[in-house]
Amino acid sequence: MDRIRIVGGKPLHGSIPISGAKNATLPLMIASLLTRDTLILDNVPRLADVLLLQRILSNHGVDITIKGKRPGDVEHSNQTMHISAADIVDTTAPYELVSKMRGSFWVLAPLVARMGRAKVSMPGGCAIGTRPVDLLIMAMERLGAKIEIDGGYVIANADNGLEGGEIEFPKVTVGGTHVALMGACLASGTSVIENAAREPEIVDVADCLIKMGARISGAGTSRIVVEGVAKLSGTRHSVLPDRIETGTYAMAVAMTGGDVLLEGARPELLQNALDVLSQAGAEISATNAGIRIARNDAGIRPVDVTTAPFPGFPTDLQAQLMALMTRARGTSRITETIFENRFMHVQELARLGAHIHLDGQNATIEGVDRLTGAPVMATDLRASVSLVIAALAAEGETMVNRVYHLDRGFERLEDKLSRCGATVERISG
Ligand code: EPZ
């Protein structure tokens, strides 16, 4: 298993290109199942989860081609993907695939919308929580699907197609909103989605669906109205920049000190996190090339943050903020409200010398003057990158093990950091 070796203590200077958003790319790829035509996606990040979803979609008969480099392509420019679901040959998504990439469960909606049936494995839990799908199933039932659970599979049928319906989510769910949106696009009649997720990735998918011919209004608000249409066409769409990658590297710079341009980043996608970073002492400025983040030798100030659905502070940046706060001049508090077990980075940060106390969903972080490098283990995607952030400021060498977690959501992390002066290398093995 690959490991990442980091020797801390170097400030970051230079620029980091921000990749296309993982959490928009995955639902956009799944949305290709809604049409016989070809969907072309630009700015697709090179991530393990994207590769895995390619395999899952090809299991349904979807043809995917990645356009190679073109004359004039800048180094490592993001890739263009051509996806064609002309003939769906299999409406089953097997456990051995869905359990590896939970978001693939969302194929349930377009498969039923297009084919009238689907058999999709329940994804099962993961490191950060039980991750139930009861609200995704509720959404499909509200759209007229008949659902039964058998042998760990969700078996859905809509012989006469999906019908428009009223879907009210008791809690904000990103996956639930994606499923409701994709199902409603091809349903007969009008659907209303109440308490919808407002994440930018929902808006990005809705923008693409509208270009494909869907009739959607209100994406990005809590109330989305969809008028079903008979069919959708292909289109070309560029994936929006990844706000979580943006926030992650911004926190890395705040941690090490330095001055970095996050190329292509868009402030409005993560304004709450940028406000928190300003409170913590970082200097942030928006330019037409992206977001510039700097921290001079002024210290890191403590903050109190509670995670929340967009536009609140994102749970996917919680572990990264906690790493930053281990070096604050004072005591910080972080409350996690979205997932029930998203503090697994705490015991690993403690190995580097952090002082963190947990009380249920509340973490109290007493800043320390120095962290010391040590071998640590990654447990999930965002927890693993919080260890990298801490290691960048720790004295001596840190070895982060199980970096396959990192590769799921961060494209070429060691290249992007070492180009800004960090001592970071991947050790294969
Ligand atoms: C999406 O997961 C993201 N994944 C997650 O990012 C992100 O953390 C999460 O949204 C919250 O923003 C993708 O977009 C691929 P939810 P999702 O449904 O849709 C509960 C990453 O690191 N819930 O918004 O699965 C659930 O348990 C990943 O990139 C139900 O109870 O999250 C959680 O407590 C991690 N029943 C809360 O809702 C349901 O049927 C929010 O989950 C569905 C969800």
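Residues numbered from 1 in each chain as written. Predicted model: local features only at pLDDT ≥ 70, side-chain atom pairs only at ≥ 80, totals over all residues. Heavy atoms only, no water.

Enquirer: Requested: an account of the packing of aromatic side chains, with residues and values cited.
Expert: Under the counting rule described, the total for this entry stands at 0 aromatic pairs. Positioned over the ring face of Tyr-153 is Lys-119, at 5.0 Å from the centre of the ring. (Phe/Tyr/Trp six-rings, centres within 6.5 Å; stacked < 30°, edge-to-face > 60°. Lys NZ or Arg CZ within 6 Å of the ring centre and 35° of its normal.)

Enquirer: Can you lay out the nonpolar core for me, pointing to particular residues and giving the numbers?
Expert: Membership of the largest hydrophobic core comes to 148 residues, with the highest contact counts inside it found for Leu-209 and Leu-321. Beyond its immediate stretch of four places on either side in the chain, Leu-209 contacts Ala-31, Leu-34, Leu-181, Cys-185, Ala-214, Ile-216 and Leu-232. (Core = buried A, V, L, I, M, F, W, Y, C linked by side-chain atoms within 4.5 Å. Buried < 20%, exposed > 50% of the residue type's maximum accessible area, 1.4 Å probe, protein only. Contact = heavy atoms within 4.5 Å.)

Enquirer: Tell me about the pattern of salt bridges, and please be specific about residues and values.
Expert: In this structure the tally under the stated criterion is 19 salt bridges. For Asp-259, the salt bridge goes to Arg-292, with nearest N and O atoms at 2.5 Å. Of this pair, Asp-259 sits in strand β15 (residues 258-263) while Arg-292 sits in strand β17 (residues 290-295), placing them 33 residues apart in sequence. Looking at Asp-259, the relative accessible area reads 22%, which means it is partly exposed. Since its relative accessible area comes to 42%, Arg-292 is described here as partly exposed. Through salt bridges with shared partners, a single network forms among Asp-2, Asp-407, Glu-414 and Arg-426. (Salt bridge = Lys/Arg side-chain N within 4 Å of Asp/Glu carboxyl O. Helix = DSSP H or I, 4+ residues; strand = E, 2+ residues; numbered from the N terminus.)

Enquirer: Please provide a residue-by-residue account of the side chain of Thr-35, values included.
Expert: Tracing the chain through its elements places Thr-35 in the loop between α1 (22-31) and β3 (38-44). Here Asp-37 takes part through its backbone nitrogen, which lies 3.0 Å from a polar atom of the side chain of Thr-35. Sequence-distant contacts of Thr-35, that is, excluding residues within four places in its chain, are made with Ala-85, Arg-114, Met-212, Leu-232, Ser-233 and Gly-234. (Polar contact = N/O pair within 3.5 Å; in protein donor to acceptor, adjacent residues only side chain to side chain.)

Enquirer: Explain the sheet that holds strand β22 (residues 375-377) to me, and be specific about the residues and the numbers.
Expert: If you walk across this open sheet you meet the 4 strands as β22-β23-β1-β24, and the pairing is mixed. Where the open sheet ends on each side, the last strands, each with one partner, are β22 and β24 (423-427). In this sheet, adjacent strand axes meet at a mean angle of 20 degrees when their direction is disregarded. (Pairing = 2+ DSSP bridges. Axes fitted to C-alpha atoms, helices over the stretch in contact; angles between N-to-C directions.)

Enquirer: Describe in detail helix α4 (residues 108-115), supporting the description with residues and values.
Expert: Every α-helix winds through 3.6 residues per turn, so residues three or four apart in the chain are directed the same way. Most of α4 sits out of view: 6 of its 8 residues are buried. Residues Leu-108, Ala-109, Pro-110, Leu-111, Val-112 and Ala-113 constitute the buried set of α4. Where the residues of α4 are buried, they touch α1, β7 (117-121), α5 (134-142), β9 (153-157) and α6 (174-185).

Enquirer: Can you lay out the sheet that holds strand β4 (residues 63-67) for me, pointing to particular residues and giving the numbers?
Expert: Spatial strand order, β4-β5-β3-β14: 4 strands in an open sheet with mixed pairing. The sheet is open, and its two borders are formed by β4 and β14 (235-238), each paired with just one other strand. On average, adjacent strands in this sheet sit at an angle of 20 degrees to one another, irrespective of strand direction. With respect to the sheet, helix α2 (residues 48-59) is in contact with β3, β4 and β5 (79-84), its orientation differing from that of β4 by roughly 145 degrees. Sheet strands touched by helix α7 (residues 200-211): β3 and β14. Its angle to β14, the strand with the most contacts, is close to 160 degrees.

Enquirer: Give me the lowdown on the site of the ligand, citing residues and values where you can.
Expert: Around the ligand sit 21 residues in total, of which Leu-135, Thr-173, Gly-175, Asp-316 and Ile-338 are the nearest. One of the side-chain N or O atoms of Asn-23 is found 3.0 Å from an oxygen atom in the ligand. One of the side-chain N or O atoms of Asp-134 is found 2.8 Å from a nitrogen atom in the ligand. Burial of the ligand by the protein chains amounts to 88% of its free accessible area of 830 Å². For the shell around the ligand, the secondary-structure elements that each account for two or more residues are α1, α5, α6 and α12 (381-393). For the shell around the ligand, the element with the most residues is α5, which contributes 3 residues. Split by residue class, the shell around the ligand holds 10 nonpolar, 4 polar and 7 charged. (Near = heavy atom within 4 Å. Areas by Shrake-Rupley, 256 points an atom, 1.4 Å probe, with all protein chains shown as cover. Nonpolar A, V, L, I, M, F, W, Y, C, P; charged D, E, K, R; others polar.)

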